[in-house]
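Here are the chains, one letter per residue:
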Amino acid sequence: MEWLKIILISMFPFSELRGAIPYAALMNVNPLEAYILSVLGNFLPIPLILFILHKAEPLIERIPIVGDVYKFFVRRAEKKKEIVERYGYFGLTLFVAVPLPVTGAWTGSLIAFLMGLDKRKSMAFIFVGILIAGLIVLSASYGILGIMKMLPSWFNTSTSIP
């Protein structure tokens with residue numbers, strides 16, 4: 001059942017794979033499995049954002065709390081679209097690939113939508129960004145957590161050294 005949790009965590013806009021891969025590492029999930037599940041989960045909402053948002057936007061904006069949250073994210077995306085304006089689709093990949101707050105596949109998709117970029121091309125470049133971000137987070141999560149798991153044995157005074 002951990003696989004489902006990993007996919008769901010990576011689907012949420014606040015965590016994406018930046019939250020799913022460290023979670024998987026803490027749950028001792030195989031790194032390759034964690035990577036594949038996180039990338040898959042992170043990518044699943046992207047076609048919906050790119051291909052359906054234009055139809056759902058009027059409805060979303062009319063729902064009191066949901067509309068306010070959507071407008072908040074639109075304002076954030078508008079402020080962050082400079083790299084895409086400057087470097088085009090390659091900039092979209094870079095934006096998604098940097099695993100920092102306010103970057104990622106959700107915001108990148110919203111930027112592509114707001115800028116009216118080609119949907120299929122945007123999906124491809126966003127997917128490459130997700131792959132890169134996944135490798136960065138995977139390296140950081142499994143490398144750092146692996147070291148942390150070794151620390152208690154270093155300080156264990158009951159172990160004798162031959």
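Above: the structure in question.
Here the structure is a predicted model, which means the values were calculated and not measured.

Asker: Is there a simple way to explain the pattern of salt bridges in this structure?
Answerer: Pairing of side chains with opposite charge becomes possible as their charged atoms draw close. On inspection of all chains with the given rule, the structure shows four salt bridges. Its salt-bridge partner being Lys5, residue Glu2 comes within 3.7 Å of it at the nearest N-O pair. Here Lys5 and Glu2 lie together in helix 1 (residues 2–11), a separation of three residues that amounts to about one turn. Here the salt bridges do not stand alone but share partners, grouping Glu78, Lys81 and Glu85 into one network.

Asker: Sorry, what's going on with the nonpolar core here?
Answerer: In terms of nonpolar packing, the biggest core is built from 41 residues, with Ile46, Leu110, Ile126, Ile130 and Tyr142 touching the most fellow members. Those elements that place two or more of their residues in this core are helix 1, helix 2 (16–26), helix 3 (31–43), helix 4 (45–62), helix 5 (64–80), helix 6 (82–97), helix 7 (105–115) and helix 8 (119–154). Not counting residues up to four positions away in its chain, the partners in contact with Ile46 are Ala105, Trp106, Ser109, Met123, Ile126 and Ile130.

Asker: Please explain a positive patch on the surface as it appears in this structure.
Answerer: On the surface, a cluster of positive charge is made up of Lys71, Arg75, Lys79 and Lys80. Position of Lys80 relative to the elements: it lies in helix 5. Its relative accessible area of 38% is what places Lys80 among the partly exposed residues.

Asker: Sorry if this is basic, but what is going on with the packing of aromatic side chains here?
Answerer: The geometry of an aromatic ring pair is captured by the separation of the ring centres together with the interplanar angle, meaning the angle of the planes. This structure, assessed with the given rule, holds four aromatic pairs. Seen in terms of ring centroids, Phe14 and Phe73 are 5.7 Å apart; in terms of plane orientation they differ by 55 degrees. Their pairing is tilted. Of this pair, Phe14 sits in the loop between helix 1 and helix 2 while Phe73 sits in helix 5, and the two are 59 residues apart along the sequence. Residues Phe43 and Phe127 carry aromatic rings whose centres are separated by 5.1 Å and whose planes lie at 75 degrees to one another, so their mutual orientation is edge-to-face. With Phe43 in helix 3 and Phe127 in helix 8, this residue pair connects regions lying 84 residues apart in the sequence. Ring pairs connect the aromatic residues Phe14, Phe72 and Phe73, which therefore count as one cluster.

Asker: Honestly, the environment of Ala140 in this entry has me stumped. Any pointers?
Answerer: Summarising the element assignment, Ala140 is placed in helix 8. A relative accessible area of 37% means that Ala140 is categorised as partly exposed. A C-alpha to C-alpha distance of 9.6 Å links Ala140 and Ile21, two positions 119 residues apart in sequence.

Asker: Before we go on, may I ask you to explain a nonpolar patch on the surface in this structure?
Answerer: The grouping of Leu59, Ile63 and Val66 at the surface amounts to a nonpolar patch, some 250 Å² of accessible area in total. Here Val66 shows up in helix 5. For Val66, a relative accessible area of 41% puts it in the partly exposed group.

Asker: I keep staring at helix 2 and nothing clicks. Help me out?
Answerer: Residue pairs spaced three or four apart in an α-helix point in one direction, given the helix's 3.6 residues per turn. The element helix 2 is largely enclosed, with a buried count of eight among its 11 residues. Residues of helix 2 that are buried: Glu16, Leu17, Arg18, Ala20, Ile21, Tyr23, Ala24 and Ala25. Once helix 2 ends, the next one or two residues include Asn28, with phi positive near 60 degrees.

Conventions used here
Residues numbered from 1 in each chain as written. Predicted model: local features only at pLDDT ≥ 70, side-chain atom pairs only at ≥ 80, totals over all residues. Heavy atoms only, no water. Salt bridge = Lys/Arg side-chain N within 4 Å of Asp/Glu carboxyl O. Helix = DSSP H or I, 4+ residues; strand = E, 2+ residues; numbered from the N terminus. Core = buried A, V, L, I, M, F, W, Y, C linked by side-chain atoms within 4.5 Å. Buried < 20%, exposed > 50% of the residue type's maximum accessible area, 1.4 Å probe, protein only. Contact = heavy atoms within 4.5 Å. Patch = residues over 30% accessible without salt bridge, like charges linked within 9 Å, V, L, I, M, F, W, Y side chains within 5 Å. Areas by Shrake-Rupley, 256 points an atom, 1.4 Å probe, with all protein chains shown as cover. Lys, Arg positive; Asp, Glu negative; His and termini not counted. Charge placed at Lys NZ, Arg CZ, Asp CG, Glu CD. Phe/Tyr/Trp six-rings, centres within 6.5 Å; stacked < 30°, edge-to-face > 60°.

Take it as geometry only, folks, not as evidence of what the structure does.
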